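# Report on the structure
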Amino acid sequence: GHWWSLWWSSWHWIGEGSSAAGPPYALAMAVASTIGFGQPGLIVWLIFGMGVPLAGVGAWRFAARLGLGPWAQAWACATYALVPVALGALSGGHLGTMVVAILLPWIGRAGLGLGSSSAELRERSVWRLVLVGALGACFAPVLALLLIVLALVAPWFGLGQLTLRQRLVVAISPLLLILPWLVT
C-alpha cells in the first residue's frame, strides 16, 4: 500500500517531487497498515478515533504502577487523556503528536521498571522501553534524545543497577531506527 511505497520509494510526489527520504514513521505505519488488512486509512482513523481512550488506558496503567489508589488513577487517566495536547493533536490532525500522546505513559511505565531490584524485570523493562521508545522516536525524534539523556543520567537517579550494555541499548536502539533521517 501507500505507506510501503512511501518507505521504499526514492522519489516522492510531494509538491513538484522530492528525492528526500520519507518520514521516519512510514515503516511503523506500513507495518500497522499491513496488519490492518492493507488499509492505511484504517490505521490513521484508529489513531485519531481511539487516541484519547488509548492515552487514558496508558495513563491508568502508569498510575497503577505508581501505586495510586483507584480514585487517583481515575483522575490521572481522565486528566491525561483530555490534556490540551491530545485534544489539539486530534483537532489539528497531527499524527505524530497523537501517537506520542498515546505512547508516553507506556514509555514512563517501562522507565519505572528500570529501577527494579530484579535483574530479569530490569532487562524486560529495558527492552520494553526500547521498543516503545523507538516507536515513539519515529513519530517524534526528540524522544530519542530523551532516551539518551535517561541512559546517561541513570546512575544518579537510582538506576545504578543498569549495566553498561543496558544503558547503551536504551541510548542507541532508537537512534538506529531513525538514523536515515538524522543524516539527511
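See the structure above.
Keep in mind it's a predicted model, so treat the numbers as computed, not measured. (Residues numbered from 1 in each chain as written. Predicted model: local features only at pLDDT ≥ 70, side-chain atom pairs only at ≥ 80, totals over all residues. Heavy atoms only, no water.)

## What to know about the overall build of the protein chain
Summing up its helical and strand segments, the protein chain has nine helices and zero strands in all. Ordered by position in the sequence, the α and β elements of the protein chain form the string α-α-α-α-α-α-α-α-α. Within the protein chain, the fraction of its 184 residues that count as buried is 36%. Across the protein chain, contacts joining residues at least 24 apart in sequence account for 60% of those joining residues at least 6 apart. A total accessible area of about 10,300 Å² is found for the protein chain, and carbon and sulfur atoms account for 73% of it. (Helix = DSSP H or I, 4+ residues; strand = E, 2+ residues; numbered from the N terminus. Buried < 20%, exposed > 50% of the residue type's maximum accessible area, 1.4 Å probe, protein only. Contact = heavy atoms within 4.5 Å. Areas by Shrake-Rupley, 256 points an atom, 1.4 Å probe, with all protein chains shown as cover.)

## Description of the pattern of salt bridges
Under the definition given, this model contains two salt bridges. Of the charged contacts, one joins R124 and E120 as a salt bridge, the two residues approaching to 2.9 Å between their closest N and O atoms. Here the residue R124 and the residue E120 both occupy positions in helix α7 (residues 119-139), the gap between them amounting to four residues, near one helical turn. A relative accessible area of 43% means that R124 is categorised as partly exposed. One salt bridge in this structure joins E123 and R165, with 2.8 Å as the shortest N-O distance. Residue E123 is located in helix α7, and its partner R165 is located in helix α9 (residues 164-182); the two are separated by 42 residues in the primary sequence. Since its relative accessible area comes to 43%, R165 is described here as partly exposed. (Salt bridge = Lys/Arg side-chain N within 4 Å of Asp/Glu carboxyl O.)

## Regarding the nonpolar core
Within the largest apolar cluster, 38 residues are counted, with the highest numbers of intra-cluster contacts made by I47 and L95. Every element with two or more residues in this core is listed here: α1 (2-8), α2 (26-35), α3 (40-65), α6 (95-112), α7, α8 (142-153) and α9. With eight residues, the top contributor of residues to this core is α6. Those residues in contact with I47 that lie beyond four places of it in its chain are M29, L95, M98, V99 and I102. (Core = buried A, V, L, I, M, F, W, Y, C linked by side-chain atoms within 4.5 Å.)

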